[in-house]
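Examining the three-dimensional arrangement
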Amino acid sequence: MKYDVIVAGGGPGGATCAEFLAKNDVDVILFEKGGNDRYKACAGGLMWHNELDFGPLPPEIIERDVDHLLLHGPTNFVDLQSDSNNSTKIGQLTYRNRLDCYFREQANRSGATVETNSEVLSVTNHEDYVEIEVKSNSHEKRVKADALVIATGVHGNKLHRKLKIDRPLEIQQAIQAEFYLPSHIVEERFGGGVYELFFDSKIASHGYTWIFTKKEGVSVGMCNKTVDISHFQDILKYHPVISQKLSGAKQIEFEGRHIWAAPIPDRILEHIFGDKVLLIGDAAGFIDRFTYEGIWHARMSGKLAAETLVKAKKRSDYTASFLLKYQKKCNRIFEIIKNSQKMHHLVYHSGYMNLFIDTMAKILQDKDLSDRYTKNIQTLLEGLLEPGDEIAQLSIEFQRRLLDALQKKLDKRTFRKINRLVEYAYFIK
Ligand SMILES: Cc1cc2nc3c(=O)[nH]c(=O)nc-3n(C[C@H](O)[C@H](O)[C@H](O)COP(=O)(O)OP(=O)(O)OC[C@H]3O[C@@H](n4cnc5c(N)ncnc54)[C@H](O)[C@@H]3O)c2cc1C
């Protein structure tokens, strides 16, 4: 049987893509290598643009709403709290196995065929169709379609290689452990739903350590260029804040392991389309280069790929020259990632991570500024600011205060260098 579209990979990107395709009468089949209960190393943070762009998720998927973001430098920290009237939550928290499963169910309910425990082994790009080889449980089969969406995350490089297309080569590593804590202790120690981020170049010079709360427990992780299990275990045991917050917490085992490591792409691909092929999510390198958030990027690119393929079906044109439209549609994602790249450069490559984060935390201790900052955190993080608008003014004010504070601490030569970096990192001059 021949389908219109095959989606390889059933994470947030692939499942969202399959759902949108099916809703628009595209005959689509999705193959997911894993089973429904498989643990996926992910902090489960859904920044608020997920809800803004895709609508609310059912309450059974959500562990907690996030109303605090704690930013720690080595010597300073700030607790950014969302509006007391709760109209501007910072995000939500979930477990990935449940979230991915829900997305695949949505795709299936919309009419997509979804096969789990099915690994796409190889792909051949024929003149008029693509053909894949899939291993489902113990048997292998071949499936044809007009087009293929590669949504295999960072692990799916073999399909990229087979098609001789660009693949995410630069990889950042992340490591995570899950802990059980009774719900009332999570509330006492963390104040409920929290993203807690610890920046310290001595611990991770190219990333940070995090604690994200769940209903009954916390996910604790670290990302860096490379991560080492024993270093991570030392942080859990001896870091003055983290070890205290984890005191008495029971480490949870998934599939025989207490600690899970997974890669994160560290480079966006130049070409995210080819003849009869589109790349989405992590497989395209779509990830925030400062926070390493990627669920929204995967879902958004999945939706945009689907929109392009719906049009391709109407015109019976799956050539690269038509699918180029997808790359153009992704402009907002590219812009957001470009802005995050500037923060990446400033914080991870300047050599002044600790100074920046400590100074930012100090400035944001000003309640008036932090209230306005938190209220607009999504827009500020995305950095898509129009000169002259209110949030752009806030960004400028923050930048000015940051530079004033840094000027007092640095000699003239170093300050000139830092000044250039800060100005470069801020979208609005
Ligand atoms: C430790 C860690 C913590 C993170 N925390 C957050 C966070 O809090 N918030 C956030 O927004 N982002 C977070 N991220 C990033 C986020 O997990 C990814 O950006 C996101 O999962 C990308 O979605 P995706 O659909 O592109 O890929 P994936 O979620 O990786 O999905 C790809 C799917 O394809 C399947 N697959 C692979 N190869 C094949 C094949 N050959 N055939 C069939 N199926 C295949 C895989 O089994 C997988 O299910 C984190 C990442 C890590 C590593």
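These remarks concern the structure in this document.

Quick look at the environment of serine 136 now. Structurally, serine 136 is set in strand β10 (residues 130–136). Linking serine 136 and leucine 304, residues 168 residues apart in sequence, is a C-alpha distance of 28 Å. Residue contacts for serine 136: discarding those within four places in its chain leaves Glu115, Asn117, Ser118 and Lys141. A polar atom in the side chain of serine 136 sits 2.9 Å from the side chain of serine 118.

Turning to its location among the elements, aspartate 100 is positioned in helix α3 (residues 96–109). Classification of aspartate 100 by relative accessible area gives buried; the value is 4%. A distance of 2.8 Å separates the side chain of aspartate 100 from the side chain of lysine 40, its partner in a polar contact.

Turning our attention to the packing of helix α8 (residues 295–315) against helix α10 (residues 331–349). It is the contact of α8 with α10, at a shortest axis distance of 10 Å, that shows an interaxial angle of 155 degrees. What the angle tells us is that α8 and α10 run roughly antiparallel. Crossing hand, α8 versus α10: left-handed. Contacts between α8 and α10 involve Trp296, His297, Met300, Ser301 and Leu304 from the first element and Arg332, Ile333, Ile336 and Ile337 from the second.

Okay, the layout of surface pockets next. In this structure, the second largest pocket occupies an estimated 160 Å³ of space. Together, Thr16, Glu19, Phe20, Phe54, Gly55, Pro56, Leu57, Tyr102, Phe103, Gln106 and Arg299 line the second largest pocket. A per-class count over the lining of the second largest pocket returns six nonpolar, three polar and two charged.

Turning our eyes to something else, we now look at the sheet that holds strand β3 (residues 45–47). Read from one edge to the other, the open sheet built from three strands follows the order β3-β7-β4, with strand pairing classed as antiparallel. Each edge of the open sheet carries a strand with a single partner, namely β3 and β4 (62–66). Taken pair by pair, the neighbouring strands of this sheet meet at an average axis angle of 25 degrees, ignoring direction. Note that β4 and strand β7 (residues 91–94) share four bridges and pair antiparallel.

As a further point, take the site of the ligand. Contacts to the ligand come from 36 residues, most closely from Glu32, Lys40, Gly45, Arg96 and Asp282. At 3.1 Å, a backbone N or O of alanine 43 approaches a nitrogen atom of the ligand. Between a nitrogen atom of the ligand and a main-chain N or O atom of valine 120, the distance comes to 2.9 Å. Relative to its unbound accessible area of 1,000 Å², the ligand is 93% covered by the protein chains. Per-class residue counts for the shell around the ligand are 17 nonpolar, eleven polar and eight charged. Residues from two domains meet in the shell around the ligand; each of domain 1 (2–40 + 97–169 + 267–336) and domain 2 (171–264) gives at least three.

By the definition in use, this model includes three cavities of 30 Å³ or more. In this structure, the largest cavity spans a volume of roughly 70 Å³. If you go around the largest cavity, the residues you meet are Glu32, Gly34, Gly35, Asn36, Arg38, Lys40, Arg96, Asn97, Asp100 and Arg104. Class assignment of the residues belonging to the lining of the largest cavity gives a composition of no nonpolar, four polar and six charged.

A few words now on the side chain of threonine 16. Note on placement: threonine 16 falls in helix α1 (residues 12–23). Overall, threonine 16 belongs to the buried group, its relative accessible area being 4%. Sequence-distant contacts of threonine 16, that is, excluding residues within four places in its chain, are made with Phe54, Arg299 and Lys303.

Once that is clear, we can look at a positive patch on the surface. Judged by side-chain charge, Lys412, Arg413, Arg416, Lys417 and Arg420 come together as a positively charged surface patch. Mapped onto the elements of the fold, arginine 420 is located in helix α15 (residues 412–425).

Rules used in this analysis
Residues numbered from 1 in each chain as written. Predicted model: local features only at pLDDT ≥ 70, side-chain atom pairs only at ≥ 80, totals over all residues. Heavy atoms only, no water. Helix = DSSP H or I, 4+ residues; strand = E, 2+ residues; numbered from the N terminus. Contact = heavy atoms within 4.5 Å. Polar contact = N/O pair within 3.5 Å; in protein donor to acceptor, adjacent residues only side chain to side chain. Buried < 20%, exposed > 50% of the residue type's maximum accessible area, 1.4 Å probe, protein only. Axes fitted to C-alpha atoms, helices over the stretch in contact; angles between N-to-C directions. Parallel < 35°, antiparallel > 145°, perpendicular 65-115°, else oblique. Left-handed = near helix turned anticlockwise from the far one by under 90°. 1 Å grid on protein atoms, 1.4 Å probe; cavity = no way out; pocket = protein on both sides within 12 Å on 5 of 7 lines; lining within 4 Å. Points joined across faces, edges and corners; volume = space filled by probe spheres on them. Nonpolar A, V, L, I, M, F, W, Y, C, P; charged D, E, K, R; others polar. Pairing = 2+ DSSP bridges. Near = heavy atom within 4 Å. Areas by Shrake-Rupley, 256 points an atom, 1.4 Å probe, with all protein chains shown as cover. Domains from an automatic or database assignment. Patch = residues over 30% accessible without salt bridge, like charges linked within 9 Å, V, L, I, M, F, W, Y side chains within 5 Å. Salt bridge = Lys/Arg side-chain N within 4 Å of Asp/Glu carboxyl O. Lys, Arg positive; Asp, Glu negative; His and termini not counted. Charge placed at Lys NZ, Arg CZ, Asp CG, Glu CD.

By themselves these figures say nothing about function.
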